[in-house]
Amino acid sequence: MFGIEDKYIVNSHFKPTDFVHKELNRADKKRIKETIKSGILKYQIKGEEIPSIINETYNYQVIMFLEIELNNLKSATYLNNILQKEVIKAPCVFKFYDISSCCYAFADKRLSMQEEQTIVLDNTFVTTPQPINAKLDARLLYENIKNKNNKRSFYMELMIKAYVLNNSKLIQDLTTIFDTNIWYNEAKKIEFFCKLKELQGLKDKQAKTVVAQEKVELNTRMKNLIGELQCYYKEI
């Protein structure tokens, strides 16, 4: 998965009940048991070759990569939200798969300032389903992640690159963002990511809107956002 170096291999197996934590409500526990068939912790990036970041906002001491077999991939988004927030508190990437398809799931996590031991999900993202044996884009491979200054930088670059590839048709030449230095600027790449997600959200809303005036307003906002986004990836 993602061409991660062999030194990070774990290959620890899990049963569906291992994902059922006592903090979950009855409905979530039931759905997890019914949906998850098996799980494997494939890799765990730990140690300080990629430095950890631990402060009042973030706890990035390890990054976990899990493969989880499902009865049906339609549950992937639901499971990503539940597992990322309530079950696996460390930053992690899931590869969900069923008999024919797979997808990758991410979450941008931070620590709650109000409630100790509580995780806040600022952004979650699940890729579009693809054939189970589809080749991963080389730009997502471990060796091609540019910013390894710390584990959060690494994780967010991987997540944002996956989002760009998954939504590459949103803007013409969007993937040229890979050739810029934005990956070394933490604030700028998060800003770019949020604007890109906003654009996708507006596009989805536009497709459902029937009121002419609302369509005009959405088109105007989308046009402005596209202009703002192009300023990022034209900075080669």
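Description of the structure in this document. Nothing here was measured: the structure is a model prediction, and the numbers come from that model.

We now examine the packing of aromatic side chains. Any two aromatic rings considered together are summarised by their centre-to-centre distance and by the angle between their planes. Counted according to the given criterion, the structure contains 14 aromatic pairs. Seen in terms of ring centroids, Tyr163 and Phe193 are 5.3 Å apart; in terms of plane orientation they differ by 80°. Their pairing is edge-to-face. Highlighted residues: Tyr163 in helix 3 (residues 151-166) and Phe193 in helix 4 (residues 186-208), separated in sequence by 30 residues. Each member of the pair Tyr163 and Phe193 is classed as buried. Grouped by ring-pair contacts, the aromatic residues Tyr58, Tyr60, Phe106, Phe125, Tyr155, Tyr163 and Phe193 constitute a single cluster. Over the face of the ring belonging to Trp183 we find Lys161, whose NZ or CZ atom lies 5.1 Å from the ring centre.

This part covers the nonpolar core. Among the nonpolar cores identified, the biggest contains 47 residues, and Phe2, Ile45, Phe65, Phe106, Ile177, Phe192 and Leu196 are the most heavily contacted of them. Contributions of two or more residues to this core are made by strand 2 (36-45), strand 5 (63-70), strand 7 (101-111), helix 3, helix 4 and helix 5 (212-233). Top element by residues in this core is helix 3. It accounts for nine residues. Not counting residues within four places of it along the chain, the set of residues in contact with Phe192 comprises Ile160, Val164, Leu174, Ile177, Ile182, Leu229 and Tyr232.

Under the criterion given, the structure shown has 14 salt bridges. The residue Lys7 makes a salt bridge to Glu5 at a minimum N-O spacing of 3.2 Å. For Lys7, a relative accessible area of 48% gives the class partly exposed. Put simply, Lys195, Glu198, Arg221 and Glu228 are held in one network by salt bridges that share partners.

The next subject is the environment of Ile54. Secondary-structure assignment places Ile54 in strand 3 (residues 53-54). For Ile54, a relative accessible area of 55% corresponds to the exposed category. Counting along the chain gives 98 residues from Ile54 to Arg152, while the straight-line C-alpha distance between them is 9.9 Å. Setting aside anything within four residues of it in sequence, one finds Ile54 in contact with Asn59 and Gln61.

What counts, and where the lines are drawn
Residues numbered from 1 in each chain as written. Predicted model: local features only at pLDDT ≥ 70, side-chain atom pairs only at ≥ 80, totals over all residues. Heavy atoms only, no water. Phe/Tyr/Trp six-rings, centres within 6.5 Å; stacked < 30°, edge-to-face > 60°. Helix = DSSP H or I, 4+ residues; strand = E, 2+ residues; numbered from the N terminus. Buried < 20%, exposed > 50% of the residue type's maximum accessible area, 1.4 Å probe, protein only. Lys NZ or Arg CZ within 6 Å of the ring centre and 35° of its normal. Core = buried A, V, L, I, M, F, W, Y, C linked by side-chain atoms within 4.5 Å. Contact = heavy atoms within 4.5 Å. Salt bridge = Lys/Arg side-chain N within 4 Å of Asp/Glu carboxyl O.

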